[in-house]
Amino acid sequence: MRAFALVGSALVLGLFFAPSAEGAANCGEKKVVVQQLISNGYRALAGSWPWHGAMFHRYRQGLTGYACGVTILTEQFVITAAHCTIDPNERQRLPASRMYIKVGLSNLDYPENHFKQHEVDMIIRHEEYDESTFENDISLLKLYTEIAFNNYIQPICLWQGDTQLSKIVSQVGYIVGWGLNENYKLPQDLNEATVPIVSRKECIESDPDHYNKFYFESKTFCAGHRNGTHAAPGDSGGGMFLRMGNNWVLRGIVSNTKANLETLKVEADSFVVFTDAAFYLDWIKSKVTITTSFTIDAEPIVVPPGSTSTADSGSQANLLNIANCGKDTYPSGTPEELKGYLNQYPWLAVIEYINLNTRVLEDVCHGVLIHPSFLVTAAHCVMKKRLSSIRSVRLNDYRLDTVNDIFEIDGDTIRTTAQRIPVRGISVHPSYDTPKYANSIALIKLEKPSTATPICLSPTSESTLPQDKKFTIIGWKRNNRKEKPMIRNVVQLADFTTCKNKYAGENVPLDTSGGQVCSTYSHDDDSTSCSHYLGSAPFQYVKNGPFEGRYFLAAISNFGHSNCKRDEFSDVFTNVAHYADWIRQKVKQNE
């Protein structure tokens, strides 16, 4: 049952009925190294947004339901949207006794041990809040008990410096929440997404009849991609967070967006209207004593209106314009060999074939998630086989010999379960095997989108591999060992001419147009044996930005000498960037 409120055609992003069974020295600091909406967004792991909390409403018959997001300001105050404090069914202002909040939470159904629940002592709605237009849609909640800050629970910073909207237009902010997903169901996990801030002019011109009613200059701003990635019902009250120096700051509060009056679903091409928290700084400080602070050496870097945003430049630019692709879970610049495996490479998949005789699934090759609905792989990995047929892909695996993988981290036992998604379609490059083994690349379309984070692909302007990066190959070895954990090796680019001449002696011509590269890595399993990776193992590199790194796919393994001890033969890989135009065209045609 859903009960979110419509005003005209504005959708209040929240308030629907869903029954449910270490100290901070500063603000806006993430204390846990984690992987970094929300519709078409990505799962946010515990500790990734420690200032974000959940508001619950108490209904009649003793039932409770998740309602909105909140953001922690101090030990005793959180901030949210004013409309989140209104009963959606009775259209009455709720008393404090009919709501409570949870902090330190990333899963609504299975809260972690570090989550805490707090009763609300007082609701401080803005005195001039207008329920019909959402003007001044902001509210503070004073809690009965103080929040104890730890690694998973932290306060956000308030905005500093110039508050003019022109200073942040084209900036990209993060929004998080438990809003309805693509199937219009309440998700378990906290999701996150990035959205660019747009000018008042661009927002209103997208639909003057609608936004002229709900946009209030200086008090609100709009943001969104207009491509289906947006806040959704249930995300109301949550914050938009921007990076300022080394700290995260609150700039906006999710207020409302445009909805289809018949389906009540958010229009995919609409902008979200945010209450501009920076406008209300004096109001906030008149109600709350803020003791946290932070300093910055300079104003935040802002891209001028009309130019490429920071999300589309530097370490962020990618072929398919995916906001959260390839996010590194470690601080920028961390050496690869120091990183763990858990949740580090969520784009790595196993392609499964079903044996037509035994009806048993067999692990055949690697696939690499490049888009929620598409994987890239070597063409030979998807060609028809006489006694088996491609059936599915499996993501979020670590050991191929186990069903559930168990990790012990910081005293906590973490169990992971692989996700299996059926294959819907296959597209093989039209020039595959011309010449022999060349153009070995294919796309796999999934039956349903994956929630795993895709890896980034280089934009079309970068068709050759960067010479200044460190490359790593990941995947599973093709050997007979009982244990089959994910393995990682350093990859060295080899001289292509030498490699080409070596294979010419074996009557194997290499593609000289740029579609193939030669590389070497250690094939040794131990001192006595060696083996190759399963087909289409990816090798990748990291682009480090000011605050985070992004993984980019460099190439996928194609073939090597059958004798893995013949070190004089480099392995041959398909250069994925060479096929950027073909990949983008196929994805756009079939997404």
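Residues numbered from 1 in each chain as written. Predicted model: local features only at pLDDT ≥ 70, side-chain atom pairs only at ≥ 80, totals over all residues. Heavy atoms only, no water.

J.: Is there a simple way to think about the packing of aromatic side chains in this case?
T.: The geometry of an aromatic ring pair comes down to the distance between the two centres and the angle between the two planes. Applying the stated rule across the entire model yields 25 aromatic pairs. Ring geometry for F56 and Y100: centres 5.2 Å apart, planes at 5°, overall stacked. Placement of the pair is F56 in strand β4 (residues 52-58) and Y100 in strand β7 (residues 99-103), with a sequence separation of 44 residues. Looking at F56, the relative accessible area reads 2%, which means it is buried. On the numbers, 5.4 Å between centres and 85° between planes, the contact of Y174 with W248 is edge-to-face. Placement of the pair is Y174 in strand β11 (residues 172-177) and W248 in strand β15 (residues 247-258), with a sequence separation of 74 residues. Relative accessible area serves as the criterion here: at 9%, Y174 is assigned to the buried category. One aromatic cluster is present, formed by W49, W51, Y174, F241 and W248 through successive ring pairs. One residue, K477, lies across the ring of Y533, its end atom 5.4 Å from the ring centre. (Phe/Tyr/Trp six-rings, centres within 6.5 Å; stacked < 30°, edge-to-face > 60°. Helix = DSSP H or I, 4+ residues; strand = E, 2+ residues; numbered from the N terminus. Buried < 20%, exposed > 50% of the residue type's maximum accessible area, 1.4 Å probe, protein only. Lys NZ or Arg CZ within 6 Å of the ring centre and 35° of its normal.)

J.: I would appreciate a short explanation of the sheet that holds strand β28 (residues 538-544) in the present structure.
T.: Either a parallel or an antiparallel arrangement is found when strands of a sheet pair, and the pairing is made through backbone hydrogen bonds. Read around the closed barrel, 6 strands run β25-β26-β27-β30-β29-β28, paired in antiparallel fashion. Neighbour to neighbour, the strand axes of the sheet diverge by 45° on average, direction disregarded. As paired elements, strand β25 (residues 471-475) and β28 share 2 bridges and run antiparallel to each other. Each bridged residue has a counterpart across the sheet, and for I473 the counterpart in β28 is F539. (Pairing = 2+ DSSP bridges. Axes fitted to C-alpha atoms, helices over the stretch in contact; angles between N-to-C directions.)

J.: Would you explain the state of the cysteines in this entry?
T.: Defined simply, a disulfide is a covalent bond joining two cysteines at their sulfur atoms. Evaluated as defined, the whole model comprises 7 disulfides. Residue pairing for C27: its cysteine sulfur links by disulfide to C157, the two sulfurs lying 2.0 Å apart. Looking down the S-S bond of the C27 and C157 bridge, the torsion is 100°, so its handedness is right-handed. Summarising the burial analysis for this pair, C27 and C157 share the class buried. (Disulfide = S-S within 2.5 Å.)

J.: Help me understand the sheet that holds strand β23 (residues 419-428), please; the structure alone is not making it clear to me.
T.: Pairing is antiparallel around the closed barrel formed by 6 strands, whose spatial order is β17-β18-β19-β24-β23-β20. Taking the axes of each pair of neighbouring strands and ignoring which way they run, one obtains an average angle of 45° across the sheet. Sheet topology note: the β23/strand β24 (residues 442-446) ladder contains 5 bridges and is antiparallel. The residue bridging V423 from the neighbouring strand is L446, located in β24. Sheet strands in contact with helix α5 (residues 580-590) are β18 (361-371), β19 (374-377), β23 and β24, and its direction is about 25° off that of β24. (Contact = heavy atoms within 4.5 Å.)

J.: I tried to follow the pattern of salt bridges on my own but got confused; where do I start?
T.: Any two side chains of opposite charge can pair if their charged atoms end up close together. Following the criterion strictly, the structure yields 21 salt bridges and no others. When the shortest N-O distance is used, the salt bridge between R566 and E568 registers 2.4 Å. One salt-bridge network, in which partners are shared between bridges, spans E352, D363, R394, D397 and R420. (Salt bridge = Lys/Arg side-chain N within 4 Å of Asp/Glu carboxyl O.)

J.: Looking at this structure, I do not really get the environment of G238. What am I missing?
T.: Mapped onto the secondary structure, G238 falls in the loop between β13 (220-223) and β14 (239-244). Residues within four places of G238 in sequence aside, it is in contact with H52, G69, T71, G252, I253 and V254.

J.: Whenever I open this one, the side chain of T220 confuses me. Can you help?
T.: Here T220 lies in strand β13. Reaching out from T220, the side chain makes a polar contact with the backbone nitrogen of F216 at a distance of 2.8 Å. Among all residues touching T220, those that are not within four sequence positions of it are F214, Y215, V273, F274, T275 and D276. (Polar contact = N/O pair within 3.5 Å; in protein donor to acceptor, adjacent residues only side chain to side chain.)

J.: Teacher, can you tell me more about the side chain of S536 here?
T.: As for its position among the elements, S536 is in the loop between β27 (516-520) and β28. Judged by its relative accessible area of 0%, S536 falls in the buried class. Among the polar contacts made by the side chain of S536, one reaches the main-chain amide nitrogen of A378 at a distance of 3.0 Å. S536 has contacts with H366, T377, A378, C381, I556 and S557, leaving out every residue within four places of it along the chain.

J.: It is not clear to me how α5 should be interpreted in this structure. Could you clarify?
T.: Every α-helical turn comprises 3.6 residues, leaving residues that sit three or four positions apart pointing alike. When we look at burial in α5, the residues that qualify are A580, W582, I583 and V587. Down the axis of α5, the buried side of the element spans an arc of 165°, and every buried residue falls inside it. When the buried face of α5 is taken as reference, the exposed residues oriented beyond 90 degrees from it are D581 and K588. Buried residues along α5 sit in contact with β18, β19, β23 and β24. (Arc of directions from axis to C-beta.)

J.: Please clarify how unusual backbone geometry should be interpreted in this entry.
T.: Most peptide bonds adopt trans geometry, and most residues besides glycine take a negative phi value. In the segment running from T434 into P435, the intervening peptide bond is cis, with an omega of -5°. Although it is not a glycine, N321 sits at a positive phi angle of roughly 55°. Mapping N321 onto the fold places it in the loop between α3 (281-287) and β17 (348-355).

J.: Which parts of the structure should I look at to understand the pairing of β11?
T.: Taken residue by residue, a regular strand's side chains alternate between the two faces of the sheet. Among the 6 residues in β11, 6 count as buried, and that is most of the element. Side-chain alternation along β11 places V172, Y174 and V176 on one buried face and G173, I175 and G177 on a second face that is also buried. Pairing of β11 with β14 involves 2 bridges; the strand directions are antiparallel. For I175, the partnering residue across the bridge sits in β14 and is M240.

J.: So what exactly am I meant to see when it comes to the pairing of β28 here?
T.: Of all 7 residues in β28, 6 are buried; the element is thus mostly enclosed. As judged from the 7 bridges shared by β28 and strand β29 (residues 549-559), these two strands associate in the antiparallel manner. The residue of β29 that forms the bridge with Y541 is F552.

J.: Just to check I follow, could you spell out empty space enclosed by the protein for this structure?
T.: It is a probe the size of a water molecule, rolled over the atoms, that shows where empty space is left. By volume, the largest cavity amounts to about 140 Å³. In the lining of the largest cavity, the residues fall into 9 nonpolar, 4 polar and 2 charged. (1 Å grid on protein atoms, 1.4 Å probe; cavity = no way out; pocket = protein on both sides within 12 Å on 5 of 7 lines; lining within 4 Å. Points joined across faces, edges and corners; volume = space filled by probe spheres on them. Nonpolar A, V, L, I, M, F, W, Y, C, P; charged D, E, K, R; others polar.)

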